[in-house]
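Coordinates in review
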Amino acid sequence: MLRAVARCCGHWPPGAAAADGMLWQTELRPHAAGEFSMAAAQANLAMEDQAQVLASPSATLVGVYDGHGGPDASRFLRSRLFPHVQRFATEQGGMSAEVIRRAFGAAEEEFHKQVRQEWTKRPKMAAVGSCCLLGAISGDTLYVANLGDSRAVLGRRVVGGGVAVAERLSDEHNAASEEVRRELAALNPDDAQIVVHARGAWRVKGIIQVSRSIGDFYLKKPEYSLDPLFRQVGAPIALKRPALSAEPSVQVRKLNPNDLFLIFASDGLWEHLTDDAAVQIVFKNPRTGIANRLVKAALKEATRKREVRYRDLRTIERGVRRHFHDDISVVVVYLDRHRERRNTRVIDSSSNCTSAPVDIYSSNNHQSGEPLQSYKS
């Protein structure tokens, strides 16, 4: 599994590039409990979403990392989160909620060290962060851990019926939720500005919508936002305590024969598709290319809202395209083993990792050496 982690975090296998140079998908691939499909769409100048799947005989790991302020934090998670999960699982003799919490904590600490090292030359690093969604299937147990507003949804067959229903499996940490705003207010009773409605949305300190993340240290540690260097990035922010948290919400669930598939996706998908709409698309269509079908359904809805034709979207340049939709990453994981024993082949743990390209535009245009910039909305 260590070899698989290295492959997963360092390289991505060739996928099927779509006609739209900002889209990517890979073929259907096996994991211990079935098959999975992955696809992504880029909107920013530099791709800020990252997604990966590590399938081994002992566990299947799914990661979706939705960066903001730049691609650094999501790319860091792409390379380092799975190794932390594997290390703690090995130390503790298997997967558990505690293993996942420790992995998130280790990732936060390690990224902070990187930010400190680069701080004087790149003050912007203090304002870079990422949502983090992790799924882990070990035996018949599913773990879903989340920071931010990416989402995991289960497609479940209704007992005695031929229909599927959606069940959300992740807690979301976004100030748009009244529950999140109450939580922030309770944690900060002496800060009337902990949540402010600004630029059309509720935002923590009037700046960011998510209330939990990896990174964003300018909203966690006052030494960054009050340092004169930070004025190159933004105005000083008075903090009495961290405004954001890196403590994940972790859900644990036993899988059963009526559980058909899982959809893990960044909020770029969920901005345009409801849980039920996504589940019905997966349930009613062939498996091949199913993640890409979800991505395109979201893009079609995004263009409909903006009153442009979907076919014209491919002519819009990255960066400008962010005004139509966000970066989107989708992983669909089918759960066959809990219903039938059709998937009996042994997975080779040395070659079982799939990651989306670090940057779709560059990979599709063979410009891996091109300097990348981040688009700021």
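Scroll up to find the structure this text is about.
In this report, we go over the structure that sits alongside the text. (Residues numbered from 1 in each chain as written. Predicted model: local features only at pLDDT ≥ 70, side-chain atom pairs only at ≥ 80, totals over all residues. Heavy atoms only, no water.)

**Details of the pattern of salt bridges**
- This model, assessed by the stated rule, comprises 27 salt bridges.
- Between Glu 172 and Arg 151 there is a salt bridge; the shortest N-O distance is 2.3 Å. Placement of the pair is Glu 172 in the loop between β9 (164–168) and α4 (178–187) and Arg 151 in strand β8 (residues 151–157), with a sequence separation of 21 residues.
- Taking the relative accessible area as the measure of exposure, Glu 172 reaches 22% and is therefore partly exposed.
- For Arg 151, a relative accessible area of 10% gives the class buried.
- Two residues, Arg 182 and Glu 178, come together in a salt bridge whose shortest N-O distance is 3.2 Å. Separated by four residues within a single helix, Arg 182 and Glu 178 lie in helix α4, roughly one turn from each other. (Salt bridge = Lys/Arg side-chain N within 4 Å of Asp/Glu carboxyl O. Helix = DSSP H or I, 4+ residues; strand = E, 2+ residues; numbered from the N terminus. Buried < 20%, exposed > 50% of the residue type's maximum accessible area, 1.4 Å probe, protein only.)

**Here's the deal with the nonpolar core**
- Leu 81 and Met 95 are the most contacted members of the largest nonpolar core, which totals 54 residues.
- Top contributing element to this core by residue count: helix α3 (residues 97–118), with nine residues.
- Counting 29 residues, the second-largest nonpolar core is a separate cluster that includes Val 153, Ile 263, Leu 273 and Ile 290. (Core = buried A, V, L, I, M, F, W, Y, C linked by side-chain atoms within 4.5 Å.)

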